[in-house]
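# Observations on the model geometry
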Amino acid sequence: MFDLSLFILGGVFVLFILACLARWTIAVRGLSREAHAEYQTRQAEKPATIKGVSEAEFVRLYVTSFQPRWTLYAAAAAGAAILISPVALLAVPALYDVIWRMNGAPDWGGRTGYVFMFALFFGVVFIWAAFAAVIARLHHLRAPEPFNHALARARGEPIEDTGWRPRPKWARKIKIDTASSNSDS
């Protein structure tokens, strides 16, 4: 059932995962060096900005705020696609057969036709996209705090935790003026 092209696709996904993880590792190492240098500079020039914050804590905050998190989530999405593909390649044809038989099993819709190939391709792509959407949602929900806020918190400064700001009530009532703005008033 699985031919060579699926293994090649799996190999491409594995290479993509390795490239993402390598990109993240290289970026984190560079950010760590940059954070150490930044800490030394702040210690010499602006000590009030790091008052009460250890170098290790500063480096952790710096790296957490500026690391390319998308590479980890992209690798996770590709890994999920690899893991879910065999199940999807069994589930989509099974579902197709059920729907095909419920519609009277017409000759044009059998397992050798274009309709089946279309359903198989887009069914698997849909399942991949669903898993990628879940991972993208996790990426956005777990976004780190901005560096300046995290540093202020580490210094012990109170920062108002507002979370998501809903649109103010007055802003909901505003209507956009669609009249032409050619007048010089």
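What this report covers is the structure whose coordinates are included nearby. (Residues numbered from 1 in each chain as written. Predicted model: local features only at pLDDT ≥ 70, side-chain atom pairs only at ≥ 80, totals over all residues. Heavy atoms only, no water.)

### Brief notes about the overall build of the protein chain
- The number of helices and strands found in the protein chain is six helices and zero strands.
- Beginning at the N terminus, the succession of helices and strands in the protein chain can be written as α-α-α-α-α-α.
- Burial statistics for the protein chain: of 185 residues in total, 28% are counted as buried.
- Sequence-distant contacts, at least 24 apart, represent 74% of the contacts inside the protein chain between residues at least 6 apart.
- By element, 65% of the accessible surface of the protein chain is carried by carbon and sulfur atoms, the whole surface being about 13600 Å². (Helix = DSSP H or I, 4+ residues; strand = E, 2+ residues; numbered from the N terminus. Buried < 20%, exposed > 50% of the residue type's maximum accessible area, 1.4 Å probe, protein only. Contact = heavy atoms within 4.5 Å. Areas by Shrake-Rupley, 256 points an atom, 1.4 Å probe, with all protein chains shown as cover.)

### With respect to the packing of aromatic side chains
- Inspection of every chain in the model, using the stated rule, returns 10 aromatic pairs.
- Ring geometry for Phe 58 and Phe 147: centres 5.6 Å apart, planes at 85°, overall edge-to-face. With Phe 58 in helix H2 (residues 55-66) and Phe 147 in helix H5 (residues 147-155), this residue pair connects regions lying 89 residues apart in the sequence.
- Relative to Phe 122, the ring of Phe 118 lies with its centre 4.6 Å away and its plane at 50°, an arrangement referred to as tilted. Here Phe 118 pairs with Phe 122, and both are found in helix H4 (residues 114-141), just four residues apart, close to one helical turn.
- The exposed category is assigned to Phe 118, whose relative accessible area is 54%.
- A relative accessible area of 43% means that Phe 122 is categorised as partly exposed.
- Every member of this aromatic cluster is reached through a ring pair, and the members are Tyr 39, Phe 58, Tyr 62, Phe 66 and Phe 147. (Phe/Tyr/Trp six-rings, centres within 6.5 Å; stacked < 30°, edge-to-face > 60°.)

### Examining H4
- Taking 1.5 Å of rise per residue, 28 residues should cover 40 Å, and H4 covers 40 Å from first to last C-alpha, within 8% of that figure.
- Of the residues making up H4, those classed as buried are Phe 116, Gly 123, Val 124, Ile 135 and His 139.
- On its buried side, H4 packs onto helix H3 (69-102). (Expected span 1.5 Å × (residues − 1).)

### A short note on the packing of helix H1 (residues 4-45) against H2
- Remark: H1 packs on H2, axes separated minimally by 9 Å, with the N-to-C direction vectors making an angle of 130°. In terms of orientation, H1 and H2 fall into the oblique class. You can see that H1 and H2 cross each other, and the crossing is right-handed. In contact with Val 28, Leu 31, Ser 32, Glu 34, Ala 35, His 36, Glu 38, Tyr 39, Gln 40 and Arg 42 of H1, H2 contributes Glu 55, Phe 58, Val 59, Tyr 62, Val 63 and Phe 66.
- Of the residues belonging to the contact of H1 with H2, the class tally is nine nonpolar, three polar and four charged. (Axes fitted to C-alpha atoms, helices over the stretch in contact; angles between N-to-C directions. Parallel < 35°, antiparallel > 145°, perpendicular 65-115°, else oblique. Left-handed = near helix turned anticlockwise from the far one by under 90°. Nonpolar A, V, L, I, M, F, W, Y, C, P; charged D, E, K, R; others polar.)

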